[in-house]
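Here is what each chain is made of, one letter per residue.
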Amino acid sequence: MKFVDEFRNPTLGRALAGEILSLVEPGRHYKLMEVCGGHTHAIYKYGVDDLLPANVELVHGPGCPVCVIPMGRVDDAVAIARQPGVIFTCFGDMLRVPGSDHCLLEAKAAGADVRMVYSPLDALRIAKDNPDREVVFLAIGFETTAPSTALTLKRARAEMVHNFSCLCNHVTIVPPLRALLESPDLRLDGFIGPGHVATIVGARPFQFIADDYAKPVVIAGFEPLDILAAIVMILGQIGDGRSEVENQYRRVVPDEGNLRALEVMAEVFTLRPHFEWRGLGFISHSGLRLSDAYADLDAERRFDVPGVRVADPKACQCGEVLKGVIKPWECKVFGSACTPERPIGTCMVSSEGACAAYYNYGRFAREREVL
Ligand code: SF4
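Nothing here was measured: the structure is a model prediction, and the numbers come from that model.

Asker: Any chance you could break down the nonpolar core for me, citing the residues and the numbers?
Answerer: If you look at the biggest cluster of nonpolar residues, it comprises 126 residues, and the most contacted ones within it are F88, L104, F164 and F206. For this core, the element with the most residues is helix α10 (residues 224-240), which contributes ten residues. Setting aside its immediate chain neighbours within four residues, L104 contacts A77, V78, A81, F88, C90, M94, L95, V114 and L138.

Structural data, given as structure tokens:
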């Protein structure tokens, strides 16, 4: 496939692996975080991890949008879905995210009208087709997906679709990264930057990582050679004693981001003072809600929701996985009580979740020798 096969070329991949080997100092351990769940998935799908020397360790970050949704927000969604006359719409991944009692799929099995959609525009179409029903869209995701929600809300307003509303769970990437960098139990040497989010926000928002924390950041694409090239660039910075934000994904990511998308987001959303992240707790100014100008389309204001904080199950170690403190197979219930068929935590649900990636690609333990 043109423009894809080139980025999966095994000869070039082995050449980049050789370059990585030449850049590492034996005896030194390098811990690099890939922020985005899409990178985690690609790393294990293509065996990128197997091409790295044992002293280059990849740890997985908080960039999976489904994984970071706390149980209380799922409970809010289920409460709305159960209300008479409501058609509740969401992406497929969200159907099986556990709430404190039930997930949306169980609510659907018990009679709630819960429907899977592929985009917020699908949900708006359902609203137009069912003018006598209230249609709610469960919006999740980082800055990558927030613009499509914003544009859909603008269209709903323009087309005067009054039976449509949005339960907004959009989050922003910079505050959790800052929280991670402030965490005393995590030592990182560099970041593989989130290519999808950067498509919208650009490269500049990550500059604080280089300036304030002296860590290299390389924004990367999602093919195996993108990731290997980004690791070469990070190790090159470390070797030179530099800490900069570099953009490996220039074919998609402009340094200034997508200005039109940012403008639409600024019109439709406003920052919440606090938002709870699964396993990470409350992080200031990290979540989005609908701005006052769009308050009439805000499902949280249109419906009663419990809005209660619910503690994660005791066995669940998603928080440690999302912070890169443990590997998925180190969680006590990984692959036994927690599987993709019967997940306990969110990281096992989403295709971008680290636990699902490890499980699906057979990574049940790390067996690499240290140099
Ligand atoms: S195995 Fe399950 S419970 Fe453990 S961290 Fe992963 S998703 Fe969470």
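Alright, that's what it looks like, and here's the rest.
Asker: How would you sum up the sheet that holds strand β2 (residues 56-63)? Please name residues and give values.
Answerer: Strand order across the open sheet formed by five strands is β2-β1-β7-β8-β9, with parallel pairing between neighbours. The open sheet is flanked by β2 and β9 (245-247), the only strands paired with a single partner. Strand-to-strand, the axes of this sheet are offset by a mean angle of 25 degrees, without reference to chain direction. Pairing of strand β7 (residues 190-194) with strand β8 (residues 217-220) involves four bridges; the strand directions are parallel. Counted as the bridge partner of I192 is V218 from β8. Sheet strands touched by helix α2 (residues 37-45): β1 (30-36), β2, β7 and β8. Its angle to β1, the strand with the most contacts, is close to 120 degrees.

Asker: So what's going on with the site of the ligand? Residues and values would help.
Answerer: Around the ligand, the surrounding shell consists of C316, Q317, C318, V321, C331, V333, F334, C338, G345, C347, M348 and C355. Grouping the amino acids of the shell around the ligand by side-chain chemistry returns ten nonpolar, two polar and no charged.

Asker: Any details on helix α11 (residues 259-268)? Residues and values, ideally.
Answerer: Every buried residue of α11 is listed here: A261, V264, M265 and V268. Looking straight down α11, one finds its buried side chains confined to an arc of 100 degrees; they lie on one side. Away from the buried face of α11 by more than 90 degrees, exposed residues L259, E263 and A266 are located. Buried residues along α11 sit in contact with α6 (146-158), α8 (195-201), β10 (269-271) and β13 (288-290).

Asker: Please set out the pattern of salt bridges residue by residue, giving values where relevant.
Answerer: Tallied over the entire structure, the rule returns 25 salt bridges. Residue R250 pairs with D255 through a salt bridge whose shortest N-O separation is 3.4 Å. By relative accessible area, which is 27% here, D255 ends up partly exposed. Across the pair R289 and D298 runs a salt bridge, and its minimum N-O distance is 3.5 Å. Given the relative accessible area of 24%, R289 is considered partly exposed. Through salt bridges with shared partners, a single network forms among D240, R242, E244 and E246.

Asker: Account for the sheet that holds strand β3 (residues 86-90), naming residues and giving values.
Answerer: Sheet strands associate in pairs through backbone hydrogen bonding, adopting either a parallel or an antiparallel arrangement. Spatial strand order, β4-β3-β5-β6: four strands in an open sheet with parallel pairing. The sheet is open, and its two edges are formed by β4 (113-116) and β6 (164-170), each paired on a single side. The average undirected angle you get between the axes of adjacent strands in this sheet is 20 degrees. Pairing analysis gives four bridges linking β3 to strand β5 (residues 134-141), with the strands arranged parallel. Residue V86 lies in a different strand from β5, and its bridge partner there is E134. Sitting on the sheet, helix α5 (residues 120-129) is in contact with β3, β4, β5 and β6, with an inclination near 175 degrees to β5. Taken strand by strand, α6 contacts β5 and β6, and its axis lies near 160 degrees from that of β6.

Asker: How would you summarise the packing of α6 against α11 if you had to cite specific residues and measurements?
Answerer: The geometry of α6 relative to α11 is characterised by a closest axis approach of 9 Å and an angle of 60 degrees between their N-to-C directions. Our classification of the angle between α6 and α11 gives oblique. The interaxial crossing formed by α6 with α11 has left-handed handedness. Across the interface between the two elements, A146, P147, A150, L151, L153 and K154 from α6 touch A261, V264, M265, E267 and V268 from α11.

Asker: Which residues make up the packing of helix α1 (residues 10-23) against α10, and what values do they have?
Answerer: Interhelical geometry of α1 versus α10 gives an angle of 20 degrees and a closest axis separation of 9 Å. For the element pair α1 / α10, the angle class is roughly parallel. Note that α1 runs across α10; the crossing there is left-handed. Contact residues: L12, G13, L16, E19, I20 and L23 in α1; L225, L228, A229, I231, V232, L235 and G236 in α10. When its residues are assigned to classes, the contact of α1 with α10 shows ten nonpolar, two polar and one charged.

Asker: How would you explain the state of the cysteines if you had to name every residue and give the values?
Answerer: Tallied over the entire structure, the rule returns one disulfide. At a sulfur-sulfur separation of 2.4 Å, the disulfide partner of C64 is C67. Taking the sign of the torsion about the S-S bond as the criterion, the disulfide between C64 and C67, at about 75 degrees, is right-handed. Just so you know, C90 is unpaired, no disulfide at all, and the nearest cysteine sulfur is the one on C103, 9.9 Å from it. The buried category is assigned to C90, whose relative accessible area is 0%.

What counts and how
Along each chain, the written sequence defines residue order, and numbers are assigned to residues from 1. Local features in this predicted model are restricted to residues of pLDDT 70 or higher, and side-chain atom pairs are both shown and tallied only at a pLDDT of 80 or more, whereas totals for entire chains, interfaces and linings draw on every residue. The basis for every side-chain value is the complete set of heavy atoms in the structure, and neither hydrogens nor water enter the calculation. We call a set of buried Ala, Val, Leu, Ile, Met, Phe, Trp, Tyr and Cys residues a nonpolar core when their side-chain atoms join them within 4.5 Å. Between buried and exposed lies partly exposed: a residue is buried under 20% and exposed over 50% of the maximum accessible area for its type, with that area taken using a 1.4 Å probe on protein chains only. Helix and strand labels come from DSSP, where a helix needs a run of H or I of at least four residues and a strand needs a run of E of at least two; each type is numbered from the N terminus. Note on contacts: a residue pair qualifies if any of its non-hydrogen atoms lie within 4.5 Å across the two residues. At least two DSSP bridges between two strands are needed for those strands to be called paired. Axis lines are fitted to C-alpha atoms, over the contacting stretch for helices. Their N-to-C directions set the angle, which ranges from 0 to 180 degrees. Nearness is defined per residue: one heavy atom within 4 Å of the molecule or strand is enough. Under the scheme applied here, ten amino acids are nonpolar (Ala, Val, Leu, Ile, Met, Phe, Trp, Tyr, Cys and Pro), four are charged (Asp, Glu, Lys and Arg), and all others, including Gly, are polar. The arc refers to the directions leading from the helix axis to the C-beta atoms. By definition, a salt bridge exists where a carboxyl oxygen of Asp or Glu is found within 4 Å of a side-chain nitrogen of Lys or Arg. Working definition: roughly parallel below 35 degrees, roughly antiparallel above 145 degrees, roughly perpendicular at 65 to 115 degrees, and oblique for all remaining angles. Handedness of a crossing is defined here by the sense of rotation of the near helix relative to the far one, left-handed for an anticlockwise turn of less than a right angle and right-handed for a clockwise turn. In what follows, a disulfide is any cysteine sulfur pair within 2.5 Å.

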